[in-house]
Amino acid sequence: MELNNQAELSPYPVESSRQKENMSKKLLVLLKKLLTSKTGVVGLLIVLTVCLMALLAPIIAPYDPNKIDTANMLKPPFWLINGDLSHILGTDNLGRDILSRLIYGSRISIIVGILSVVVGGLIGVIFGLIAGYYGGIVDSLIMRLVDSFLAIPTTLFCIVFLTVLNPGLFTLIFVIGVTNWVMYASLVRSETLSIKEREYVKAAKTIGVSNFNIIFRHILPNVFSSIIVISTLSIAGTIITESSLSFLGLGIQPPAISWGIMLSEGREHLATSWWLSTFPGVAISITVLGIIFLGEWLRDVLDPRSRGTKS
Amino acid sequence: MWKYLFMRLLQIPPVLFIVTIMIFVLVYIAGDPVATMLPADASPEEIAQFRHALGFDQPFYVQFGNYILDLIRGDFGESYQYGTSALGLVLERLPATLELATASMVIAILIAIPLGIISAVKPNTVIDFFATSFSVLGKAIPNFWLGIMLILVFSVTLKVLPVSGTGSYAHIVLPAITLGTAMSAEITRLVRSSMLEILHQDYIRTARSKGLKYSAVVIKHAFKNSLVPVITITFLQAAALVGGSLITEMIFAWPGLGQLIIQAVYAKDLPIIQAAVFVTASMIIFINILTDIMYRVLDPRIKFI
Amino acid sequence: MRGKFSTLSIYALVSILLLAGCTTTSKGATTEVTKEEDKTLIISLGPDLMTWDIHNHTTTTTEAIHVNVFDYLLMRDKVGEIQPHLAKEWNKIDDTTVEFKLNEGIKFHNGEDLTAEDVKFTLERVAKDDTLRSHGDYDTIKEVKVLDDLKFQIITTEPDPMLLSRISRQASGILPKDYIEENGWDHFENSPVGSGPLKFVEWKRDNQVVLEANPDYFGKKVTNVDQVIFRAIPEDSTRVAELLSGNIDIVANVPPSDWERVKSSDNSQIVNGPSNRNYMIFLRTQEGWPTSDVKVREAMDYAIDDQAIVDSLLNGGGTPSLSRVNPGDIGAQEELYGKYNYDVTKAKQLLAEAGYEDGLTIELSGPTGRYIQDREVMQLIAGMLEEAGIKTEMNLMKWEPFVELREQQKFKDGYLIALGSSFFDAGQSLNYYGTDRASSINGYSNPEVDQLLSDAETLMDESARIEMYQRVQDIANDEKPILPLFQIDQYFGVSKSIEYETRMDELIYIPDIINK
C-alpha cells in the first residue's frame with residue numbers, strides 16, 4: 001500500500017466488514033445509540049439550533065441586520081452600563097444590531113460549511129472511485145495530482161485562487177471545496193481498492209454487470225459511512241477557513257454577513273468594544289465544537305476502525 | 001525498502017512539475033501585476049507603456065516558454081516588487097518560519113500528550129471531557145482572534161511577554177501558542193484513541209496481571225507504542241504549518257514566509273509565489289516521505305509479532 | 001450529565017477569562033518607558049520597506065524611510081512649501097531650462113562629494129529608463145546639463161510648470177554615481193549610500209530597517225538619538241499594542257477605534273494632521289448609465305452627509321470639501337474647501353426631476369483594507385444613498401483586484417477611492433477631468449475644461465495658471481463627474497516623550513522629531 005497522505009496513514013489497517021443493512025432499521029439503531037452518548041446529544045442540539053437559526057432568521061431576528069444607525073453606534077450588550085434591552089448583544093461600529101447579524105450570519109457560515117464540503121466531496125469521491133477501481137495509469141495520474149494538491153498549503157492555495165476569481169459566495173464555496181477534495185479522493189481510493197477485491201464484486205464482474213453499476217451499486221454504498229464521518233469533521237474546518245479568509249479580506253464582502261466577516265471586522269475593536277468580535281467568535285467556537293462532537297460520535301458508531309475506542 | 005524509496009523519489013519531479021504549472025496558469029489568469037505596480041493615479045498610457053517594457057504584453061506561450069526555460073536552468077527570476085532574486089528572498093525567510101513551526105510543534109506536543117494520556121486512562125470521565133473539549137477548542141477558535149487576544153492579555157495587560165517581532169526566546173512564545181493549540185487538537189485525539197486501543201490489548205492486560213504498576217504500564221508500554229502514529233501526524237501537521245502559518249505570522253509581525261507570500265499573491269509577484277510554493281512543496285513532500293519511511297520502519301505491530 | 005456540564009462550564013470559564021482580558025486593557029498601561037538611555041527611536045509605519053532603489057517603488061511608507069537617507073534638490077516643509085535643500089538657489093533661464101546651484105561641501109555617507117554629476121546620473125536614470133516604476137513622473141526631463149561641480153541645468157521637453165514639484169518628491173533623492181557605477185546596483189541595494197541625516201546600518205526584510213545618525217550631515221542634524229529603527233508590523237492592532245506596552249515610540253495609522261485608548265494611556269498620545277488625500281466617488285457619465293444625468297449625480301451629492309461620515313467613522317479626523325485639490329496645493333479653489341451638500345429632500349426632488357420618482361439601483365465598487373475605514377465608509381454611503389431612494393449595491397474587494405477592475409473599466413456606475421496628490425499641484429490632481437484621461441474612466445468630456453487643462457499644462461505664468469485650475473474646479477463642481485467627499489487626516493500614535501508633527505506629504509523626517 002502506498003502511503004500518500006494523512007488518511008492513509010491512519011495506524012489501523014483498512015478493514016471493512018460492513019454488510020448492506022436495512023436503512024430504516026439502521027437509522028433507528030443510530031438514534032438509540034445517539035441518546036446514550038452525552039457529547040453526541042450536545043453536538044446534535046448545537047447543530048440543530050444553528051440550523052434552525054439559519055432557517056428562521058427573518059422571523060427571529062429583531063432588526064434588519066444591515067440597518068445602519070449612526071445614533072446608536074457601538075452600544076454595549078444589555079448587562080453593561082449604557083446597554084439596554086433594545087439591542088441585547090449591543091451594536092457594531094455602524095450601529096447595526098449584533099444579535100440580528102449573528103442570526104443572519106449563521107446562514108452563510110452554514111451554507112459555506114456544508115456546500116463546500118459537498119463540492120470537495122463530490123470531486124474527491126468521483127476521482128477516488130475512478131482511481132481505486134480502474135487502477136493502473138489512471139490511478140497513477142490521479143494520485144500524482146493528489147500529491148500535487150497536498151504539496152501546496154491550503155491557505156496559500158485559497159489565497160491564490162481567490163485573487164484570480166472574483167470574490168463571492170459561490171467562488172468561496174468552490175475554492176474551499178477544491179482545497180479539500182484530495183482528502184476524499186485518497187480515502188475513497190483506498191477503500192475502493194479493498195472492496196473491489198471482494199467476492200461479490202468479482203462475481204458481479206464475471207456475470208457482466210457494467211463498471212458503472214458496480215461502482216455505484218456495490219462500491220459507493222460501502223464507502224459512504226466513511227465519507228459521512230470525514231465530512232462532518234471537515235465542515236468544522238471549513239467554517240474556520242471562511243473566517244480566516246475574511247481576515248485576509250478575501251472572504252465574503254458586505255452587505256453579505258457571515259460570522260467570519262463579523263469576527264474579522266470587529267477585531268479592530270477588540271480592546272475597546274469587545275462584543276463586536278467576541279460574540280461571532282463564540283458562535284463559531286460553539287458551532288464547531290458541536291459539529292466535532294457530532295462527528296466524533298458518528299465516527300464511533302459508523303467507523304469500524306475506531307470501534308475499539310468506545311468503552 | 002530501497003526499491004520503495006527509489007519509487008517514491010521518482011514521483012517527486014512530476015509532482016513538482018504539476019505544481020509549477022498549476023501556479024503559473026493560475027497567476028497568469030489572474031492577470032499581470034503591472035497596474036498594481038504603478039501609482040494609483042497612473043494613466044492608461046503609462047500602464048500600457050510599462051506593460052510593454054516588462055514584456056507582459058507577449059502571448060501566453062512565449063511567457064510560459066520563457067518561464068519554463070528559466071526554471072529548468074534553476075532560475076526563479078527576480079521579484080517584480082523587490083527587484084531581487086525570488087528564491088533568495090524565500091530562502092532568507094525560511095529559517096524564521098521553520099523556527100516557528102518547530103516551537104509550535106513542541107507546544108502542541110506538550111499540550112497534547114498529557115491531555116491524551118489522561119483522557120485515555122480515564123475515558124468518559126469528567127477529566128476526559130475536560131481534556132477533549134480543551135483540545136477541540138484550540139481548533140475551534142480562529143488563529144487571528146486567539147493571537148490578538150493573547151497579545152491583549154499577556155503583552156498589553158500583564159506585560160509579561162513581548163508583543164511582536166523577533167529577538168529573544170520570549171518573542172516566540174505567543175505565536176507558538178497560537179499555532180500550537182490548533183495543532184494539539186488532532187494530536188490529542190490521536191494519542192487518546194491509539195492509547196485506548198493499546199490499553200485494551202492482551203499484552204497490556206498480561207503486564208498488569210503480572211503485578212506491574214498501572215502508571216508504569218501506561219508509560220512504558222502503551223504510550224511508547226502509541227508514539228509512532230503520534231509522531232507521524234505531528235510531522236505532517238508541522239509540514240502543513242510551513243505554509244499554514246501565514247496569518248499568525250502577520251499578527252505577530254514574525255519575519256517568516258507568511259508576509260512575503262501574502263504580499264506576493266496580492267501583488268501577483270509570480271517569481272516569489274513560484275519559489276515559495278516550490279520550496280514549501282518540496283519540504284512537504286520530503287517530510288511525507290520521511291514519515292512514511294519512519295512509519296514503515298517503526299511500526300509497533302512488527303515488533304510484537 | 002456531569003460530562004456535558006463540565007464541557008459547557010469550561011467553555012464559559014475560558015470565555016470569561018478572555019473577556020476579562022479585554023475589559024481591563026485600558027487600565028493596564030502603567031510602566032514607564034525609558035527609551036532615552038539607549039537613545040534608539042523605534043517607529044512602525046506598518047508595511048516593510050519595499051526596496052532601496054528609490055526609482056522603482058511607488059509607496060509612501062517606503063519613501064518615508066528613504067527621505068532620511070537621500071536628499072532631494074528641494075524639499076517641502078511641514079505645510080508643503082518648497083524650500084531650498086541640496087540646491088541653495090535656482091533660476092529660470094527660459095521656459096524649458098532651470099539652472100540650479102548646489103550647496104558646497106555636501107558629502108555622501110562614504111565620504112565622497114555630492115556633485116552635479118550625481119544629479120545628472122540620478123535624474124537621467126529615472127527619466128530615461130522606462131522599466132522603472134517612477135519613470136512616468138519624470139519623463140518630461142530631457143537632459144541634465146552639468147556646468148561645473150555645483151552648477152547644472154535641468155532641460156525639459158516642453159515648458160513644465162510642475163518641474164520644481166517633481167524634483168522635491170518621491171524618487172528624486174540624489175544617488176552616489178561613482179559608488180553605484182563601481183559596485184553595481186545589487187551592491188547598492190544591499191548597502192545603500194546617500195547623503196541624508198541618517199546612515200544605513202542594516203535591513204532585515206519584513207522585520208526591521210536600522211539607521212544611525214549621520215554626524216557629518218550638511219543640514220539639520222539628528223542629535224537626540226543615535227539609532228532609528230523602522231519595524232514592519234502589518235496588523236493595526238499589533239502596532240497599537242506595541243505602542244501601548246511602550247516598545248515603540250511612533251506608530252502610523254492608528255485605527256479610529258483605538259484613539260481613545262491611546263489617549264487615555266499614561267505613556268502615549270495621538271498626533272494628527274491633514275494629509276493630501278481625499279475620498280471621492282467617480283461616476284460614469286457615458287450614455288446608458290443613470291449617472292450620465294447630472295441631476296442624478298447631484299442628487300447623490302445631496303444624499304451623502306460628508307460631515308456625518310467624518311464624525312462617526314473617523315472621529316472627526318477629516319474635512320469635507322467640494323474639490324479634491326486641497327489648500328496648500330498650487331491651484332486650489334479654497335472656496336470649495338470645508339463645504340459639502342447635504343439635503344435629502346432636495347436629493348429626492350432632483351431624482352424625481354431626472355425621472356426616478358420610484359428610486360433607482362446603482363452599483364458602486366470600492367477597495368477594502370487600503371484606506372482608513374474604507375469598507376465602513378462605503379457601507380455608510382450606501383445606507384445614506386438608500387435613504388434618498390438610490391438603492392446601492394456594493395462591490396467591495398481587495399486593493400489589487402480593485403485596481404484591475406478600474407484599469408479594465410469593469411466597474412458599473414462608479415467607484416469609491418481615496419487618491420492622494422504627491423505633487424501638491426492641481427495640474428496632477430485635475431488631470432482626471434480631461435477628456436483624454438476620463439475616456440478610460442467615467443467618460444467625462446467638456447471642451448472648456450480640456451482647453452483650460454492643456455493651456456495650463458505648459459504655462460509658466462503661475463497666477464494665470466492658478467486661475468485656470470480654479471475655473472476647472474468650479475465647472476467640475478457644477479457638473480460633478482466626480483463627487484469629492486472629504487480630505488482625510490493622518491493619525492499617529494506617539495510616545496509622550498516625543499514631540500512630533502505630521503507632514504502634509506505623510507513622510508517621517510527624523511531631524512524634525514524632538515525628544516522632550
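Computed from a prediction, not measured in an experiment: that's the story for all the values here.

So, about the UniProt feature "transmembrane region" (unreviewed entry) in chain A. Sequence positions flagged by UniProt for "transmembrane region" (unreviewed entry) are, in local numbering, residues 41-63, 108-134, 141-162, 168-188, 219-240 and 274-298 of chain A. The straight-line gap between the two end C-alpha atoms of residues 168-188 of chain A is 30 Å; of that span, 90% is helix and 0% is strand.

A few words now on the interface of chain C and chain A. Tallying the contact residues gives 28 residues for chain C and 32 residues for chain A. Summed over both partners, the interface of chain C with chain A buries about 2600 Å², with 62% contributed by carbon and sulfur atoms. Summed over the shared surface of chain C and chain A, the result is 3 salt bridges. The salt bridge partner of A:K67 is C:E387, with a shortest N-O separation of 3.7 Å. Inspection of the chain C/chain A interface yields 7 residue pairs in polar contact (both at pLDDT 80 or more). Within the residue set of the side of chain C that touches chain A, elements represented by two or more residues are α1 (2-23), α12 (306-313), α14 (374-387) and β15 (390-398) of chain C. Of the residues contributing to the side of chain C that touches chain A, the split by class is 10 nonpolar, 9 polar and 9 charged.

For the rest of this paragraph, the subject is the pairing of strand β17 (residues 482-495) of chain C. Residue and element names in this part refer to chain C. Burial runs high along β17: 14 of the 14 residues are buried. Direction of pairing for strand β11 (residues 250-252) relative to β17: antiparallel, over a ladder of 3 bridges. From the neighbouring strand, V251 faces β17, where its bridge partner is G493. The sheet contact formed by strand β12 (residues 268-283) and β17 spans 13 bridges and is antiparallel. Each residue of the ladder has a partner; that of F282, found in β17, is I482.

All names here are of chain C. If you check the domain split of chain C, you get domain 1 (48-183), domain 2 (195-270 + 491-515) and domain 3 (274-489). Computed from C-alpha coordinates alone, the two centres of domain 1 and domain 2 are separated by 26 Å. Between domain 1 and domain 2, the contact holds 27 residues from the first and 28 residues from the second. Both faces considered, domain 1 and domain 2 share a buried interface measuring about 2300 Å² in area, 61% of it formed by carbon and sulfur atoms. The largest per-residue losses of area from domain 1 upon contact with domain 2 belong to D48, N68 and K78, which jointly make up 32% of the total buried on that side. If you look at where domain 1 meets domain 2, you find 0 salt bridges.

Residues and elements named next belong to chain C. Model confidence for chain C is summarised by a mean pLDDT of 87, while 92% of its residues fall at 70 or above. The low-confidence segment residues 1-36, where pLDDT is below 50, has 50 contacts with residues more than four positions distant or belonging to other chains. Here the predicted complex carries an ipTM of 0.80, next to a pTM of 0.83.

Hydrogen bonding along the main chain pairs the strands of a sheet, whether they run parallel or antiparallel. All names here are of chain C. The strand order β4-β5-β7-β6 describes an open sheet built from 4 strands, whose pairing is antiparallel. Unpaired on one side and paired on the other, β4 (87-94) and β6 (141-146) mark the two borders of the sheet. Put simply, the sheet's adjacent strands are angled 20° from each other on average, direction ignored. In this fold helix α4 (residues 116-128) packs onto β5 (97-102), β6 and β7 (151-156), with an angle of close to 165° to the strand it touches most, β6.

All names here are of chain C. With the rule as written, the count across this model stands at 38 aromatic pairs over all chains. Between Y279 and Y371 the ring centres are 6.2 Å apart and the planes differ by 75°, which places this aromatic pair in the edge-to-face class. Placement of Y279 in strand β12 and of Y371 in the loop between β14 (360-368) and α14 is noted, with a sequence separation of 92 residues between them. When sorted by exposure, Y279 lands in the same class as Y371, which is buried. An aromatic cluster is present here, built from Y279, F282, Y371, W399, F402, F411, Y415, Y432 and F486 joined pairwise through their rings. Stacked on the ring of F411, the Lys or Arg R284 has its end atom at 4.1 Å from the ring centre. Here R437 stacks its cationic end above the ring of Y432, 4.5 Å away from the centre of that ring.

In this section: the nonpolar core. If you look at the biggest cluster of nonpolar residues, it comprises 160 residues, and the most contacted ones within it are A:I152, A:I159, A:L248, A:V288, B:I23, B:I251 and B:I273. Non-local contacts of A:I159, meaning those with residues more than four positions away in its chain, are made with A:L248, A:L250, B:L246, B:I262, B:V265 and B:Y266. Listed in part, the 71 residues of the second largest apolar core include C:L314, C:L385, C:M468 and C:Y469.

If you check UniProt for "domain: Solute-binding protein family" (unreviewed entry), the listed places come out as residues 81-437 of chain C in our numbering. For residues 81-437 of chain C, the end-to-end C-alpha separation is 28 Å, with 30% helix and 27% strand making up the annotated structure.

Oppositely charged side chains may form a pair once their charged atoms are brought near each other. A full pass over the atoms with the stated rule returns 38 salt bridges over all chains. A salt bridge links A:R267 to C:E235; its shortest N-O distance comes to 2.8 Å. In this pair, A:R267 is assigned in the loop between α11 (259-266) and α12 (275-302) and C:E235 in the loop between β10 (227-232) and α9 (236-244), connecting two distinct chains. Salt bridges sharing partners connect three or more residues here, namely A:D92, A:R96, A:R101, A:E265 and C:R375.

Our focus in this paragraph is α14(C). With 14 residues, α14(C) extends 20 Å between its outermost C-alpha atoms, agreeing within 8% with the 20 Å of an ideal straight helix rising 1.5 Å per residue. For α14(C), the complete set of buried residues consists of C:D374, C:R375, C:E376, C:V377, C:M378, C:Q379, C:L380, C:I381, C:A382, C:M384 and C:L385.

Moving on: the side chain of A:T192. Residues and elements named next belong to chain A. On the secondary structure map, T192 appears in helix α8 (residues 181-195). The class of T192 is buried, set by a relative accessible area of 0%. With residues up to four places along the chain from it excluded, the contact list for T192 reads G128, L129, G132, Y133, I219 and V223.

On to the interface of chain A and chain B, then. Taken together, the 52 residues of chain A in the interface contact 61 residues of chain B. Taking both sides of the interface into account, the surface hidden between chain A and chain B amounts to around 5000 Å²; carbon and sulfur atoms contribute 74%. Where chain A packs against chain B, one counts 0 salt bridges. Joining chain A to chain B, the criterion identifies 4 residue pairs in polar contact (both at pLDDT 80 or more). Listing elements by their share of the side of chain A that touches chain B, those giving two or more residues are α2 (38-55), α5 (136-151), α6 (154-164), α10 (211-247), α11 and α12 of chain A. Classifying every residue of the side of chain A that touches chain B gives 29 nonpolar, 16 polar and 7 charged.

About the thresholds
Residues numbered from 1 in each chain as written. Chains lettered and ligands numbered in written order. Predicted model: local features only at pLDDT ≥ 70, side-chain atom pairs only at ≥ 80, totals over all residues. Heavy atoms only, no water. UniProt positions renumbered as here; feature names shortened; annotations may be inferred. Helix = DSSP H or I, 4+ residues; strand = E, 2+ residues; numbered from the N terminus. Contact = heavy atoms within 4.5 Å. Buried area = accessible area lost by both parts, 1.4 Å probe. Salt bridge = Lys/Arg side-chain N within 4 Å of Asp/Glu carboxyl O. Polar contact = N/O pair within 3.5 Å; in protein donor to acceptor, adjacent residues only side chain to side chain. Nonpolar A, V, L, I, M, F, W, Y, C, P; charged D, E, K, R; others polar. Buried < 20%, exposed > 50% of the residue type's maximum accessible area, 1.4 Å probe, protein only. Pairing = 2+ DSSP bridges. Domains from an automatic or database assignment. pLDDT = per-residue confidence, 0-100. Axes fitted to C-alpha atoms, helices over the stretch in contact; angles between N-to-C directions. Phe/Tyr/Trp six-rings, centres within 6.5 Å; stacked < 30°, edge-to-face > 60°. Lys NZ or Arg CZ within 6 Å of the ring centre and 35° of its normal. Core = buried A, V, L, I, M, F, W, Y, C linked by side-chain atoms within 4.5 Å. Expected span 1.5 Å × (residues − 1).

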